[in-house]
Each structure stands twice: as C-alpha cells, then as structure tokens.
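Overview (structure and organization)
If you want the building blocks of each chain, they are given just below.
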8 protein chains.
Amino acid sequence: MAKKGRPRVGILMGSDSDWPVLEQAAKMLESFKVAHEARVLSAHRAPEHVRRYAVSASKRGIQVLIAGAGGAAHLAGALAAQSTVPVIGIPVKSKNLDGLDSLLSTVQMPRGVPVATVAIDNATNAAILAVQILALADARLAKELVQYKAGLTEKNLKADQGLRRS
Amino acid sequence: MAKKGRPRVGILMGSDSDWPVLEQAAKMLESFKVAHEARVLSAHRAPEHVRRYAVSASKRGIQVLIAGAGGAAHLAGALAAQSTVPVIGIPVKSKNLDGLDSLLSTVQMPRGVPVATVAIDNATNAAILAVQILALADARLAKELVQYKAGLTEKNLKADQGLRRS
Amino acid sequence: MAKKGRPRVGILMGSDSDWPVLEQAAKMLESFKVAHEARVLSAHRAPEHVRRYAVSASKRGIQVLIAGAGGAAHLAGALAAQSTVPVIGIPVKSKNLDGLDSLLSTVQMPRGVPVATVAIDNATNAAILAVQILALADARLAKELVQYKAGLTEKNLKADQGLRRS
Amino acid sequence: MAKKGRPRVGILMGSDSDWPVLEQAAKMLESFKVAHEARVLSAHRAPEHVRRYAVSASKRGIQVLIAGAGGAAHLAGALAAQSTVPVIGIPVKSKNLDGLDSLLSTVQMPRGVPVATVAIDNATNAAILAVQILALADARLAKELVQYKAGLTEKNLKADQGLRRS
Amino acid sequence: MAKKGRPRVGILMGSDSDWPVLEQAAKMLESFKVAHEARVLSAHRAPEHVRRYAVSASKRGIQVLIAGAGGAAHLAGALAAQSTVPVIGIPVKSKNLDGLDSLLSTVQMPRGVPVATVAIDNATNAAILAVQILALADARLAKELVQYKAGLTEKNLKADQGLRRS
Amino acid sequence: MAKKGRPRVGILMGSDSDWPVLEQAAKMLESFKVAHEARVLSAHRAPEHVRRYAVSASKRGIQVLIAGAGGAAHLAGALAAQSTVPVIGIPVKSKNLDGLDSLLSTVQMPRGVPVATVAIDNATNAAILAVQILALADARLAKELVQYKAGLTEKNLKADQGLRRS
Amino acid sequence: MAKKGRPRVGILMGSDSDWPVLEQAAKMLESFKVAHEARVLSAHRAPEHVRRYAVSASKRGIQVLIAGAGGAAHLAGALAAQSTVPVIGIPVKSKNLDGLDSLLSTVQMPRGVPVATVAIDNATNAAILAVQILALADARLAKELVQYKAGLTEKNLKADQGLRRS
Amino acid sequence: MAKKGRPRVGILMGSDSDWPVLEQAAKMLESFKVAHEARVLSAHRAPEHVRRYAVSASKRGIQVLIAGAGGAAHLAGALAAQSTVPVIGIPVKSKNLDGLDSLLSTVQMPRGVPVATVAIDNATNAAILAVQILALADARLAKELVQYKAGLTEKNLKADQGLRRS
C-alpha cells in the first residue's frame with residue numbers, strides 16, 4: 001500500500017478485520033491523489049498508541065482523521081478527545097445489532113468533542129468528506145470534487161438511460 | 001443577531017422552531033469569532049430556495065454548512081447533494097421516536113454524498129466541528145481550539161475538585 | 001420495458017440496484033394496464049434532474065408518483081416537496097438497520113408535505129395504491145380493483161383448501 | 001362540527017381520545033372546503049360497524065378514508081381490507097414505545113392491501129394527501145393545492161426573514 | 001392432515017407460507033392428542049371469512065384460537081375482536097425488521113380485547129399454552145402437562161450430563 | 001381489598017410500586033366477580049417465596065396466574081417455569097427504554113414454557129384474558145364476557161354519536 | 001463526602017451532572033462501609049487524567065472501578081482499556097434515545113476488554129456488584145451481603161403483607 | 001472437558017445449543033489455568049436444579065458464576081437472585097431480534113440484584129472479567145492479566161505492522 005508524500009489523512013481502525021470496510025476510504029483518497037496512511041490501533045487494546053498517534057498527528061501534517069470501529073466504537077471519540085484535527089467516524093457494522101451499537105457509540109458524543117459521523121460502513125463517504133474539508137484550502141481538490149459530483153450525476157443518468165432502454 | 005464580516009459558515013434549519021437548538025451553534029461560532037449567518041429554509045417547504053442557497057454558498061464565501069432538521073430530516077442531505085462544501089448535520093429531536101428518525105435520516109447518506117453528522121440536538125458540536133475544519137487554514141482558530149480544549153479539561157477538573165470537596 | 005400510451009404513473013428510484021424491488025410496481029401497473037414510466041433519478045446524485053422531473057410531472061400527465069429509496073431515503077420527500085401530485089414512498093431495505101432507516105426517512109415527513117408510505121420493499125402495494133387513486137376517476141380501474149380484491153380472497157381460500165386437504 | 005354536503009372523506013378513529021390528533025385532519029379538510037365526516041369506530045371493539053362502514057363507504061360517495069389508531073393499530077388495515085377506496089393511515093402515538101408500535105402496525109401491510117401511511121400523529125398530512133388524491137379530478141382543489149404549497153414556502157420565508165432580522 | 005374428533009383448537013394463519021412455523025403448533029397439539037384444525041384465513045385478504053370463522057368458532061366447539069401472522073399482523077386481533085374465546089397470537093418473523101413489527105402488532109392490543117402473545121415464531125409455545133388452558137377442565141391434559149414439564153427437565157439434565165461427560 | 005371465596009386467580013407483582021398498574025387487573029376481576037388474590041413477590045428478591053407460591057398455586061385452587069414486572073421482568077417466566085397453570089404476563093413500563101425491556105423479557109420465552117403476554121401496562125387485558133380462560137368451564141363468565149364485549153361496542157358507538165353530535 | 005481509609009473503590013463519572021445517579025453507588029458503598037472515592041473525569045474532556053487515574057488505580061489500592069457516563073459513553077471502556085482492575089459500567093440515561101446509546105456504548109466492548117455493565121442508571125447495583133467482588137476476600141462483606149440479601153426478601157415480604165392487608 | 005482441581009468458576013447455559021458460544025469462556029479460563037465447570041441448567045426448564053446449584057455454589061468453592069442464555073434470558077438473574085457470588089451474564093444472540101431481547105433481559109436487573117453483563121455472545125470477555133475478579137486475591141492471575149493485556153497490545157501492533165507493510 002504505497003502512499004507517496006507526507007500523509008494528510010490518517011485512516012485508523014480498531015482491528016484489521018475492519019480493513020475491507022476501511023479500504024474503501026483509502027481507495028477513494030487515492031483516486032483524489034490525497035496522501036494518507038492506514039493504521040490498526042485499537043482504543044481498547046492499544047490506548048497508549050492511539051494517544052500518541054492522536055497528539056502527534058497534527059504535527060506530522062495530518063489534517064483529517066478517519067476512524068472506523070464496531071460495537072462499543074470508541075476509536076473516533078478517543079482521537080477526537082486527544083486532537084483538534086477534524087475526526088470522521090465510520091460506524092462499522094458489528095456482528096450483532098446490525099450496526100446500531102456502532103452508530104450510537106460513534107455519533108452521540110458529548111458537548112465539546114464532536115465526531116463527524118458518516119453512514120454505517122460507508123468508508124467511501126468518510127474519504128469524500130475528508131476531501132471536501134481539505135478542498136477548502138486546496139484548489140485542485142475543489143476542482144476535482146466538482147468533477148466527482150458531476151460524475152455521480154452522469155453515472156446516475158446513464159443508469160437511468162439503461163433502465164429506460166431495457 | 002449581529003454577525004460581522006462575510007459569513008464563512010451557514011447555519012440552516014428546517015423551521016424556526018429549531019432555532020433554540022441551532023442557536024447553540026451560532027453562539028459557539030460567535031465565541032470563536034467566526035462570521036456566520038442563520039437561515040430558515042426547509043428542504044420540503046422551500047426546496048427551490050434551499051437549492052439556490054446551496055449552489056451559491058461556495059461563491060458567497062461559505063466554507064462550511066451546518067443544517068439541523070427533525071423527523072424525515074432531509075435538509076443536510078439536500079445541501080450536500082447540491083454543494084461540495086462540507087455539510088454538518090444536526091439531527092433535531094422530534095416529538096416522537098426520541099430523535100431516532102432524525103438521526104437515521106441525517107446520517108445514513110448514500111455513497112458519494114456524505115453528511116458529517118453530530119449527536120442529536122448537539123448544535124454546539126456542529127459549530128466546533130466547523131471551527132476544526134476552518135482551523136486547518138486559519139492559525140488563529142487552530143490556536144483557539146487548543147485553548148478551548150484546554151478549557152474543557154480545566155472545567156472538568158474544577159467539577160472534579162468541587163465534587164471531592166463536597 | 002415498452003409502456004404504451006402517455007404514462008400516468010412515474011416510478012422513480014435512487015439507484016438501478018433498487019430496480020428488482022421497484023419492478024414489482026411496474027409489473028402490477030402493467031397487469032392493470034396503467035401506462036407508466038420508470039426512472040433512475042437520485043435525490044442526492046441528480047437533484048436537479050429530480051427537480052425538473054417533479055415540477056414537470058403533472059404537466060406531462062403524471063398523476064401519481066411512486067418513489068423507492070433506501071437508507072436516508074429522501075427521494076419520495078424531494079418529489080413531494082416539488083409537486084402537488086400524490087407521492088407514494090417505498091422504503092427500500094438497506095444493507096444495515098434492516099430497513100428501519102429507509103422507513104423513518106420516508107414516512108416521518110413534516111406538516112404540509114405528505115408521503116404516502118407503504119411497507120418496506122412492498123412495491124406491489126405502491127402500485128395498487130396508485131391504481132386505487134386513479135380508480136376514483138376511472139371506472140375500468142375501479143371495476144378491476146374489485147376483481148383484484150376478489151382474486152386475493154379466492155387465492156387465500158385456495159391456499160386454505162390446499163392446507164386442509166394436505 | 002358542521003360539514004356541508006355529501007362527505008367525500010371519512011375520518012375514522014379507534015377511540016374518541018384520538019380526536020385531538022384527528023381533528024387536525026378535519027380542520028385541514030375544512031380549509032380546503034372538502035366535505036367530510038368523522039367517526040369513532042374501533043376495529044377491535046366495533047368490528048362489525050367498521051365492516052359495514054367500509055363496504056358501504058364507496059356507495060355513499062366516500063372517495064378517501066383516513067384512519068388513525070394507536071398501539072396494535074389495525075383500523076386503517078381493516079378498512080383497506082374491506083374497501084377499494086384509498087386508505088390513509090395515521091399512526092397515533094401510544095402511551096408507550098413512542099408510537100413505534102402504531103407506525104409498524106399501520107405501515108407494514110401485506111401484499112395486496114396497502115395503507116398510505118403518514119408520519120406519527122401527523123393528521124394534517126393525512127388530510128393534505130386526501131386533497132392531493134381528490135385534486136386529480138377536481139380542478140378547484142388542484143389550484144388550491146398549488147396555493148397551499150406556495151403558502152408553505154411563503155411562511156417559511158417569513159420565518160427566515162424573522163430570524164435574520166432578529 | 002387428519003385430525004380425529006371435533007376440533008377444540010383452531011390454528012389460523014394469514015398465509016400458507018406461515019405453515020412451516022404454525023405446523024409446530026399442530027404437531028405439539030397432536031402429541032397431546034388435542035383435536036384441532038388448521039386454516040389459512042387472512043385478516044386482510046379474506047376478512048369476511050375470518051369474521052365468519054370467529055363468530056362461529058365457539059358454537060363449533062372451538063375453545064382456543066391460535067393465530068400466526070407477520071408484518072402488520074392483525075389476524076389474532078381480528079379474531080379476538082369477534083370472539084370471546086381466548087386467542088393466542090404468534091408473531092411470525094417477517095422478512096424485514098426481524099419480527100419486531102409482527103410482535104408489536106400482535107401484543108399491543110387496546111383495553112378490552114387481549115391477545116395472549118407468545119415469542120416470535122414460537123408456535124410450540126402457543127400450543128402448550130392452549131393445552132394449559134384446556135387442562136383446567138381436562139384431567140388427562142393436566143396430567144400430561146406435568147409429564148411434559150418433567151420431560152423438559154429430564155431433557156435438560158441429559159444435555160447437562162452430556163456436556164459434563166464431553 | 002376484600003376478595004370473597006377461594007381465589008381462582010393469583011395476581012403477582014415484583015414490587016408494590018407496580019400496584020397502580022396491577023390494580024386494574026384486580027378491579028376487572030372484581031367486576032366479573034372472580035375471586036382472586038394479589039401478592040408482592042419478586043423473582044429476584046424473594047425467589048424462594050415465588051417458587052413456593054408457584055408450586056402450590058394449583059393445589060390451592062389457583063387456575064390462572066397474572067404476573068406484572070418491569071425491566072428484566074422474570075416474574076411471569078419464573079411462575080411459568082414452576083407451574084403448569086396458564087401464566088399471563090404484563091410487561092410493566094420501566095423508567096427507561098419505554099417498556100421495551102419489560103416486553104421482551106416477558107414475551108420471548110423459550111420452547112416449552114410459554115407466558116401469555118399482553119400489552120405494556122395493560123393489566124385490564126390480563127384480567128379479561130383470565131376471565132376468557134376461566135369462562136371455558138364457567139357458563140356465568142361466558143355469558144358475562146358476551147355482555148362485556150357488547151358493552152365495549154356500545155361504549156364505542158356512544159363515543160361515535162358524541163363526536164358526530166359535537 | 002467524607003470517606004475514611006484508603007479507598008478500595010473508585011467511582012468515576014463523565015460530568016458532575018451524573019452525580020445524582022452515581023451518588024447512589026457512593027451511598028450503597030457507605031452502607032457497606034467500603035472506603036471509596038468519587039471523581040469527575042471525562043474520557044473525552046480529560047482523557048489524560050483518566051489515563052493517569054486508570055494506570056495508577058491498582059497501585060493506589062483501588063480494587064474495583066465504577067464508571068457512569070451517558071450518550072457515547074466511553075469512560076468505563078477507557079478505564080478497562082488501561083487497567084486490569086474489574087470495571088463496572090453504569091449507562092447513564094441520556095436526554096435522547098432513552099439510555100439506549102449509553103447502554104450499547106458501555107456494554108458492547110470488544111474481545112479482551114470487558115466492562116461489567118449494570119442496568120441503565122442503576123448505580124445501586126454497581127455498588128452491590130463491587131461489594132460482591134470485594135467480598136470474595138473479605139469475610140465481613142460476605143456476611144453483610146447475606147444480610148443485605150435477606151433484607152431484600154424481608155422488605156419484599158413486608159410490601160406483600162402491606163398489600164394483602166390493604 | 002477435563003478440569004483439574006476444585007472449580008472456582010461455574011459456567012452455566014440454558015441449553016447445550018449455547019455451548020459453541022459459552023465454550024469460549026471455558027477456553028479462556030483454561031488459558032488462565034482457572035479451574036471451572038460447565039453446566040446446562042435452564043432457569044425455565046430446570047429451575048429447581050438452578051436453585052440448588054446457586055445456593056450451594058459458594059459452599060462448593062465457586063467464586064464467580066458465568067451464565068449465558070438467549071431470548072427472555074433469565075438464567076443469570078435467577079443465579080444472582082439466589083447467590084451472593086458475582087454473576088456475569090452473557091446475552092446469547094437469539095434467532096430473532098438480533099440479541100436485543102437477550103441483552104435487555106440480562107442487563108436490566110432491579111435494584112439489589114446486579115448481573116455483570118458483557119457484550120452479546122462475548123463469552124471470552126465473561127471469562128476475562130471472572131479472571132479480573134479472582135485476580136484481586138490471586139497474585140498469579142494478576143500477573144498473567146498484565147501479560148494478557150500486553151499481548152492484546154502486541155497483537156494489535158502486529159496487525160498494524162502487517163497492514164502498513166501490505
């Protein structure tokens with residue numbers, strides 16, 4: 001997973017079993033040519049390493065954090081507690097309760113410490129949100145986002161034509 | 001509601017009855033001296049005005065959108081569909097179902113169109129998240145965020161001391 | 001998908017992956033010989049096309065709209081916001097949360113903008129409801145609905161006899 | 001509750017304790033000058049009377065049925081089972097479970113027998129939906145619906161101006 | 001499905017697709033040698049036949065009714081509304097929402113019209129409950145119930161021994 | 001709380017704070033002149049007394065048990081585990097979770113040990129169900145149930161007339 | 001809040017607004033004469049202080065940790081992640097969602113890092129559980145627990161007598 | 001399943017079909033060399049045996065009880081009601097409702113009778129919690145827990161390295 005340049009986005013997951021979900025975020029960032037890094041750091045099994053990552057992220061040039069975890073999903077919240085960088089949380093669908101536990105654990109943060117939560121398992125959207133944030137000070141990304149959005153519409157219209165022709 | 005300077009954050013709500021919740025976002029932005037504007041524009045009752053607002057927001061200098069709505073809460077999603085600016089969604093607690101409908105309608109967005117969802121009724125966090133996003137390219141805000149975070153800790157420790165002395 | 005005559009019912013879906021569900025509506029309308037059209041138009045990926053469709057639907061002779069979407073399902077609501085034609089919403093079961101998000105996003109509409117919601121994934125019922133609406137001014141449909149209803153009873157009684165004989 | 005003319009809409013409720021909710025439907029129909037009648041007929045306490053009402057509704061000129069009930073809310077479904085007239089269901093918030101039981105009992109109808117479900121306690125929307133249905137063959141109503149919709153937008157914009165001036 | 005003697009228990013289901021669940025009730029009644037009959041009668045597709053069945057059940061010697069249905073499950077309630085015989089409701093797991101809709105539609109009955117609800121898909125328990133009710137005036141059944149209960153314990157202890165030996 | 005004669009129905013509750021709910025069962029049984037007794041016996045705080053009550057109930061002439069409890073509501077299940085008498089469970093609304101915990105703890109019993117569950121807090125229905133069960137071998141009760149049911153209809157129709165006159 | 005002796009139990013809460021709930025734990029521990037301390041330390045607002053508390057707790061003689069928090073309740077999990085002392089979690093009822101978010105965030109911990117979760121807002125039980133744990137190596141507590149349990153039964157039986165006499 | 005020495009932990013399950021889940025607890029205890037025993041004793045099918053087990057557990061040297069059950073899961077509560085030993089409850093995922101019923105039935109215990117609930121199906125954590133409790137008076141276990149925790153971190157970091165190398 002070669003990522004050229006100093007990473008601007010950190011993708012964290014509680015377990016490498018979350019990678020099939022989180023990988024979508026990495027792929028989307030790659031398609032926008034946004035340098036990033038992916039780490040497996042559990043808030044519950046490696047809290048000290050999460051802390052070190054969080055407090056040094058900004059100094060290392062990380063501008064946005066993306067965190068995915070399931071069940072009592074504390075990773076995004078733990079990062080948000082220890083950094084001022086925007087943290088995007090992906091509730092990863094757990095084996096039980098259909099992802100509701102992951103969602104509520106990620107989104108229901110207390111006053112003062114927000115986590116920008118996206119839909120359950122929707123790592124693609126976490127990456128796009130990260131790009132939207134970075135694009136505020138990055139004209140290339142801003143332009144590519146407009147193209148990406150146009151592409152979404154185009155793809156929709158193609159599906160529409162496909163259905164109408166069928 | 002005096003807001004000096006060109007607004008960088010737009011706060012939208014579906015109904016003025018949501019203002020008591022959304023006002024917390026405005027207050028927090030004021031405390032960070034972030035110029036903003038507040039608008040009542042319903043995705044369902046004034047969709048054309050929402051559209052115009054969304055497509056022109058970026059050109060008008062708006063860098064982050066905050067949207068709060070309840071029930072089948074589509075406002076944040078409608079803005080995200082028509083703008084590339086990051087959209088922060090606040091699920092406003094509805095009269096029934098305890099805010100679960102607002103939360104799911106706001107957060108469960110499809111691939112390609114993220115809404116950065118915060119906790120139910122937590123407009124304060126929406127504003128802090130907006131500040132975190134703006135702070136990536138604004139050294140003053142970055143500094144003030146660090147202070148704000150330190151203030152959260154300080155306030156916590158004071159409460160701790162208060163309890164221990166009681 | 002040949003549909004003779006000027007369509008009276010428009011079937012819209014957010015993604016062509018919803019077609020296996022929505023197709024049931026088309027089939028039921030066909031069995032009632034109600035001219036219709038099916039379109040893939042996402043409220044989030046092609047909002048401008050949804051708008052154009054909605055505002056022109058009535059002029060084009062569309063009398064009822066059927067919309068199916070999943071997750072933060074805004075399509076039916078977006079149509080209802082931009083048209084005065086009755087809109088029937090089908091909450092399409094999403095991958096997570098078992099369709100609860102789709103249901104709440106579709107049904108919990110604010111005052112003034114109703115969506116006539118049917119059961120999760122029950123596109124058949126959306127079509128029947130459309131026929132019931134059209135039948136108010138269409139004697140043929142009214143008659144066929146009575147036959148359809150009698151057929152439901154008959155089919156039930158056959159199943160009853162089948163079980164009793166088994 | 002004077003209602004002039006032959007009623008076109010029947011409003012049914014399971015208990016007169018539901019009247020404060022259902023009355024909103026009656027008021028909205030009155031504002032559209034749609035003749036209607038309101039009845040208290042429980043699917044569980046007066047099933048035979050519900051049946052008689054349902055089977056004779058169409059002959060009596062009723063074109064749309066609106067039914068509100070709470071808990072194991074069967075009234076709308078019972079009407080839909082015994083009539084081909086479109087039935088609009090209002091899940092009335094019950095004392096427990098926040099209306100979720102009413103919603104699911106109303107909306108999750110089996111194939112062949114749809115209930116057009118609106119939001120929990122949203123009798124206003126049930127009436128508007130009824131007007132939308134009637135308007136398909138009633139030019140006056142069609143025109144008034146356009147005005148009503150414009151009024152919703154206007155009211156929204158006034159609230160917007162009110163907030164901006166505050 | 002030969003059942004000797006005048007049936008004392010009626011097993012009703014909304015659709016023959018519910019038979020694999022309901023069959024467990026029939027089998028348990030057979031093991032207790034309780035004469036019964038099974039019918040497919042939908043509250044929504046054959047309401048008049050449900051009514052006739054309900055009002056004549058008692059006269060025909062039926063002492064307990066067992067009804068299973070899914071989704072907006074009204075069958076048990078419809079029977080309870082039209083008969084004074086005890087009605088046992090089995091919420092049949094629906095394709096969506098994991099049976100929660102079936103459960104709430106069956107159990108949340110209004111004052112005056114109870115449905116004795118058992119666990120989702122637990123037709124076995126519906127039959128045992130029916131036997132418990134009949135046993136109040138049937139010494140043979142009372143005795144067999146005691147044996148059945150002893151058998152449950154015995155089977156449990158065997159499983160316990162099996163595990164301990166493993 | 002005078003109850004003449006040997007009690008046929010035992011009403012049990014986990015805490016005397018449940019009495020305001022359970023009292024409705026007692027009152028309804030009184031109106032049917034069914035001798036009963038009410039006891040406060042917690043499955044968790046007095047399990048041995050619950051056991052003694054359960055195993056001796058039948059010998060003491062108790063024919064039906066009614067049990068109400070909240071939260072992790074085990075009382076009805078504990079009685080059903082230790083008696084072959086039909087047990088009716090009333091999920092008592094708990095302070096949190098709106099009674100959902102009480103409902104699921106009461107109704108989701110394993111194979112072999114049914115609890116006849118009624119709606120949350122609906123002790124009235126528990127009593128009526130008990131009467132329906134007893135009426136199978138008690139002609140007076142059977143007759144009075146028919147009258148009670150007629151009374152429900154009559155009361156409904158009076159409410160209907162009241163509303164129509166208003 | 002005088003607490004004599006070296007504390008054996010640490011009671012932590014995310015906010016002093018949780019004290020009315022957590023105080024019940026302190027009171028119960030006092031009634032068992034178990035030395036304890038109460039601290040306000042938020043996992044999100046003072047994570048470094050939580051960490052220091054957790055890693056030093058055992059050395060300071062703390063044998064059991066009790067943590068109460070609401071919403072995305074991470075406090076108990078954060079303690080469990082950074083200590084090997086048993087951690088008891090109290091899901092504090094949040095303003096929205098009726099405590100379901102607090103419960104799921106507290107209980108659904110990943111493999112390797114358990115939190116012993118008690119009922120929503122049930123701080124009393126957290127304290128009793130702590131006493132049960134300590135009693136394994138403390139004969140006085142073991143004896144008092146037996147008395148406490150007998151007291152529960154006695155209190156239940158008194159309520160029973162009270163009701164029977166009423 | 002050879003277990004040397006006098007068992008200190010009792011693992012109970014309602015049915016041997018729960019063994020695949022509960023076995024994880026046994027395996028984890030074995031890895032810590034904690035003597036234990038596993039029993040199949042249903043609170044509903046063998047309540048008297050559960051009672052005998054509970055009241056004699058402490059005398060037999062059992063210091064912690066682990067109980068797993070599904071649906072209306074009463075086993076852990078029944079043990080807690082009849083013993084002063086700490087009881088750890090594992091909500092076993094049921095066929096329907098995704099384990100929510102098991103969770104609420106296990107965790108929502110009334111005042112005075114706690115059950116230390118772990119995540120749905122997480123028997124591993126039940127065992128670790130038992131070890132944490134025993135470790136308070138067992139230096140070997142205390143030491144091994146520190147090693148176990150270090151192992152969790154190590155395993156996490158290996159997964160991290162694995163991902164970074166990929």
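Below or above, wherever it landed, is the structure these notes cover. Please read all numbers here as calculations on a predicted model, not as lab measurements.

1. Focus: the overall build of chain A
Tallying secondary structure elements over chain A gives 6 helices and 5 strands in all. Going from N to C terminus, chain A has its helices and strands arranged as β-α-β-α-β-α-β-α-β-α-α. In terms of overall size, chain A behaves like a compact globule, its C-alpha atoms giving a radius of gyration of 17 Å where 166 residues would be expected to give roughly 15 Å. Referenced to the eigenvectors of the C-alpha coordinate spread, the extents of chain A come out at roughly 55 × 40 × 35 Å. Classification of the 166 residues of chain A by burial places 69% in the buried group. Within chain A, counting contacts between residues at least 6 apart in sequence, those at least 24 apart form 67% of the total. Of the roughly 5500 Å² of accessible surface on chain A, 52% is carried by carbon and sulfur atoms. Separation between the mean location of the 22 positive side-chain charges and that of the 13 negative ones in chain A comes to 5 Å.

2. Structural notes on the arrangement of the chains
For chain A and chain D, which are not in contact, the least C-alpha distance works out to 17 Å. Over all C-alpha pairs, chain D and chain G never come within contact, reaching a minimum spacing of 11 Å.

3. Focus: the relation of the copies chain B and chain A
The relation between the two copies of this chain is a rotation about an axis and a shift parallel to it. The operation relating chain B to chain A is a screw motion whose rotation component is 180°, with 0.0 Å of axial translation and a residual RMSD of 0.0 Å. On this basis, the relationship between the two copies can be described by a two-fold rotation axis. Mapped onto chain A, 100% of the interface residues of chain B are again interface residues, and the two copies thus contact each other with one and the same surface.

4. Considerations on the interface of chain B and chain G
Contact residues are listed per partner, giving 14 residues for chain B and 17 residues for chain G. Interface area for chain B against chain G, summed over the two sides, is near 1400 Å², with a carbon-plus-sulfur share of 55%. Summed over the shared surface of chain B and chain G, the result is 1 salt bridge. Across the salt bridge formed by D160(B) and R39(G), the nearest N and O atoms sit 2.8 Å from each other. Linking chain B with chain G are 10 residue pairs in polar contact (both at pLDDT 80 or more), by the criterion used here. Per element, the largest residue contribution to the side of chain B that touches chain G is 8 residues, and it comes from helix α6 (residues 139–165) of chain B.

5. Brief notes about the pairing of strand β1 (residues 9–13) of chain G
Residues and elements named next belong to chain G. Summarising burial for β1: 5 of the 5 residues are buried, a large majority. The sheet contact formed by β1 and strand β2 (residues 36–40) spans 5 bridges and is parallel. For L12, the partnering residue across the bridge sits in β2 and is R39. For the handedness criterion, the β-α-β arrangement of β1, helix α1 (residues 19–31) and β2 is classed as right-handed. By the bridge criterion, 5 bridges tie β1 to strand β3 (residues 64–70) in an arrangement that is parallel. Counted as the bridge partner of L12 is A67 from β3.

6. Details of the relation of the copies chain B and chain G
Once chain B has been moved 0.0 Å along the axis and rotated by 90°, it coincides with chain G to within an RMSD of 0.0 Å. Such values leave the two copies arranged in the relation of a four-fold axis. When C-alpha distances to the rotation axis are compared across chain B, the minimum falls at D98(B), with a value of 5.3 Å. Little of the interface of chain B is mirrored in chain G: 7% of its interface residues are interface residues there too.

7. Examining helix α1 (residues 19–31) of chain F
Here α1(F) contains 13 residues, and its C-alpha end-to-end distance of 18 Å stays within 8% of the 18 Å for a straight helix at 1.5 Å per residue. Looking at the residues trailing α1(F), positive phi occurs at K33(F), about 55°.

8. Some remarks on helix α5 (residues 123–135) of chain D
In an α-helix, one full turn covers 3.6 residues, which means residues spaced three or four apart are oriented alike. Taking 1.5 Å as the rise per residue, α5(D) with 13 residues should run 18 Å; its terminal C-alpha atoms sit 18 Å apart, in good agreement. Along α5(D), 13 of the 13 residues are buried, which leaves the element largely enclosed by surrounding structure.

9. Some details on the interface of chain B and chain A
With 40 residues of chain B at the interface, the matching set in chain A holds 40 residues. By the criterion of area lost to chain A, the three top residues of chain B are T84(B), P114(B) and L136(B), representing 19% of everything that side buries. Run the count over chain B and chain A and you get 0 salt bridges. At the boundary of chain B with chain A, the tally comes to 18 residue pairs in polar contact (both at pLDDT 80 or more). No other element matches helix α5 (residues 123–135) of chain B, which puts 6 residues into the side of chain B that touches chain A. Classifying every residue of the side of chain B that touches chain A by side-chain character gives 26 nonpolar, 12 polar and 2 charged.

10. Structural notes on the packing of α5(D) against helix α6 (residues 139–165) of chain D
All names here are of chain D. Direction vectors running N to C along α5 and α6 enclose 140°, while the axes themselves pass 8 Å from each other. In terms of axis orientation, α5 runs oblique to α6. Regarding α5 and α6, the two cross each other, and that crossing is left-handed. For the pair α5 and α6, contact is made by I128, V131, Q132, L134 and A135 and by L141, A142, L145 and Y148, respectively. Looking at side-chain class alone, the contact of α5 with α6 contains 8 nonpolar, 1 polar and no charged residues.

11. Description of the side chain of T153(G)
Residue position: T153(G) is located in helix α6 (residues 139–165). There is a polar contact of 2.6 Å between the side chain of T153(G) and the backbone oxygen of R45(F). Excluding residues within four positions of it along the chain, T153(G) makes contact with R45(F), A46(F) and H49(F).

12. Things to note about the environment of A73(H)
On the secondary structure map, A73(H) appears in the loop between β3 (64–70) and α3 (75–81). Judged by its relative accessible area of 3%, A73(H) falls in the buried class. Separated by 32 residues in sequence, A73(H) and L41(H) have C-alpha atoms that sit 12 Å apart. Residues in contact with A73(H), not counting those within four places in the same chain, are H74(F), S102(H), S105(H) and T106(H).

Cut-offs applied
- Residues numbered from 1 in each chain as written.
- Chains lettered and ligands numbered in written order.
- Predicted model: local features only at pLDDT ≥ 70, side-chain atom pairs only at ≥ 80, totals over all residues.
- Heavy atoms only, no water.
- Helix = DSSP H or I, 4+ residues; strand = E, 2+ residues; numbered from the N terminus.
- Rg over C-alpha atoms; globule rule 2.2 N^0.38 Å.
- Buried < 20%, exposed > 50% of the residue type's maximum accessible area, 1.4 Å probe, protein only.
- Contact = heavy atoms within 4.5 Å.
- Areas by Shrake-Rupley, 256 points an atom, 1.4 Å probe, with all protein chains shown as cover.
- Lys, Arg positive; Asp, Glu negative; His and termini not counted.
- Charge placed at Lys NZ, Arg CZ, Asp CG, Glu CD.
- Least-squares fit on C-alpha atoms with pLDDT ≥ 70 in both.
- Buried area = accessible area lost by both parts, 1.4 Å probe.
- Salt bridge = Lys/Arg side-chain N within 4 Å of Asp/Glu carboxyl O.
- Polar contact = N/O pair within 3.5 Å; in protein donor to acceptor, adjacent residues only side chain to side chain.
- Pairing = 2+ DSSP bridges.
- Right-handed = clockwise from strand over helix to strand, strands pointing away.
- Expected span 1.5 Å × (residues − 1).
- Nonpolar A, V, L, I, M, F, W, Y, C, P; charged D, E, K, R; others polar.
- Axes fitted to C-alpha atoms, helices over the stretch in contact; angles between N-to-C directions.
- Parallel < 35°, antiparallel > 145°, perpendicular 65-115°, else oblique.
- Left-handed = near helix turned anticlockwise from the far one by under 90°.

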